[in-house]
Amino acid sequence: MIKLLFSITAVALLASIVFGIQNRSTFVENRKNREVNNTEIDRILNTFEAEEAPKLTEAQQTLFDAENLLATHIAQKGAANEAITRLNGEIAAKQPDLDKVMAELTNAQKQVDSLKSLFPGVRLDNLGETIAKLKSDVDDVKGELAAKQTEVEIVEKKVAANTATINRYEDRQADRLAKIRRNATEGTVTAVNRDWGFVVINVGQRQGVEGDSSLIVKRAGQRIANLNIVEVKPNITVADIRQKALSGVVQPGDQVIFQNLGE
C-alpha cells in the first residue's frame, strides 16, 4: 500500500514537472512572438512617420496658406466694392451739373433762334461765345463722366477677377472639408487581441478612413478608450489601444468614432 502511494506521488510530481516545462516553453514562444509583432508594429509606425507625416504637415500648411489667401482676396473684394460705390456716387454728383449745363445750352439756343428769326442780319458775337463756352462745359462734364465710367469698369474687372479667385479657393476649401467629413465615419470593433493590445474595426479606406484619424471607442454613449491607427486596409482598420487613456475593457461590438484631427 505504501509503495502504491509513493508511485502515485512520483507520477504526479513527474506530470507537474512536464506541465511546467510545457508552460515555460509556451511562455517563451509567446514572448518571442510578441517581440516579433512589436518589431513589425514599430516598422509600420516608423514608415508612417517617415512617409505620411510630412505629407499631412504639408497638406495642413497648404490649407492654412489657402485660407490666408482667401481672406486677402475677400478683403480686396470689399475694398473694390467700396471704390465702386464711391465712384458711382461721384458720377451721380456730376449728373446735376450736366443736366444744368444742358438746360442752359438749350435755353441759350432757343434765345439765339428767336433773335435770328427777329433780326436776320444781326451779329451775335457775345452770345456765340457764351454758347461756345456752354458747349465746352458740356464736353468737360462728359469727359469727366467718361473717365469715371472707365475707372468703374476697371474696378469691376478687378472685382470679377478677385471673385473668380475667391470661388476657386472656396471650392478647394469645400473639397478639403468634404474629405474631413468623410473621415468622421463610424465603425464597430469586430475583434480584440488582449495579448498584443490591438483591435480590428469593420471600416477602412473604402469608407473614407485615413491614417491621420484619432479613434474613440464608446459603449452606450460613454468613452471607453482611445486608439492609434496601425494600418488601414480597404475594408478594415487595425489600431492599438492607448493604455493611458483606457477607462474600460474594449469588447467586440463597441462603437468606434473616427474623429479627424482638424475638427
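Quantities reported herein were computed from a predicted structural model and do not represent experimental measurements.

So, how was this worked out
- Residues numbered from 1 in each chain as written.
- Predicted model: local features only at pLDDT ≥ 70, side-chain atom pairs only at ≥ 80, totals over all residues.
- Heavy atoms only, no water.
- Helix = DSSP H or I, 4+ residues; strand = E, 2+ residues; numbered from the N terminus.
- Contact = heavy atoms within 4.5 Å.
- Areas by Shrake-Rupley, 256 points an atom, 1.4 Å probe, with all protein chains shown as cover.
- Core = buried A, V, L, I, M, F, W, Y, C linked by side-chain atoms within 4.5 Å.
- Buried < 20%, exposed > 50% of the residue type's maximum accessible area, 1.4 Å probe, protein only.
- Pairing = 2+ DSSP bridges.

Asker: Help me understand the overall build of the protein chain in this model?
Answerer: Secondary structure summary: the protein chain contains two helices and six strands in total. If you take every contact in the protein chain between residues at least 6 apart in sequence, the share linking residues at least 24 apart comes to 72%. When the accessible surface of the protein chain is totalled, it reaches about 17,700 Å², and 56% of it is carbon and sulfur.

Asker: Looking at this structure, I do not really get unusual backbone geometry. What am I missing?
Answerer: A negative phi angle is the norm for most residues apart from glycine, just as the trans form is the norm for most peptide bonds. Positive phi values are uncommon outside glycine, yet Ala220 reaches one of about 55°. By the element assignment, Ala220 lies in the loop between strand S3 (213–219) and strand S4 (222–232).

Asker: Any chance you could explain the nonpolar core here in plain terms?
Answerer: Core analysis: the biggest nonpolar cluster contains 17 residues, and Val199, Ile201, Leu215, Leu227, Val250 and Val256 have the highest contact counts within it. It is S4 that provides the largest number of residues to this core, a total of five residues. Those residues in contact with Ile201 that lie beyond four places of it in its chain are Gly187, Thr188, Thr190, Leu215, Leu227, Asn235, Ile236, Thr237, Ala239, Val256 and Phe258. In terms of nonpolar packing, the next biggest core, distinct from the first, is built from 14 residues, Ile91, Leu105, Val152 and Val159 among them.

Asker: What is the right way to look at the pairing of strand S5 (residues 237–241) in this model?
Answerer: For a regular strand, the rule is simple: side chains alternate between the two faces of the sheet. Among the five residues in S5, five count as buried, and that is most of the element. Pairing of strand S2 (residues 198–201) with S5, which is carried by four bridges, proceeds in the antiparallel orientation. Pairing of Val199 across the sheet is with Ala239, part of S5. Of the pairings in the sheet, the one linking S4 to S5 comprises five bridges and is antiparallel in character. Each bridged residue has a counterpart across the sheet, and for Ile229 the counterpart in S5 is Ala239. Between the antiparallel neighbours S4 and S5 lie four residues.

Asker: I keep staring at the side chain of Asp240 and nothing clicks. Help me out?
Answerer: Among the structural elements, Asp240 can be located in strand S5. By relative accessible area, which is 18% here, Asp240 ends up buried. Apart from the residues lying within four places of it in its own chain, the contact partners of Asp240 are Ile41, Gly197, Phe198, Asn226, Leu227, Asn228 and Val230.

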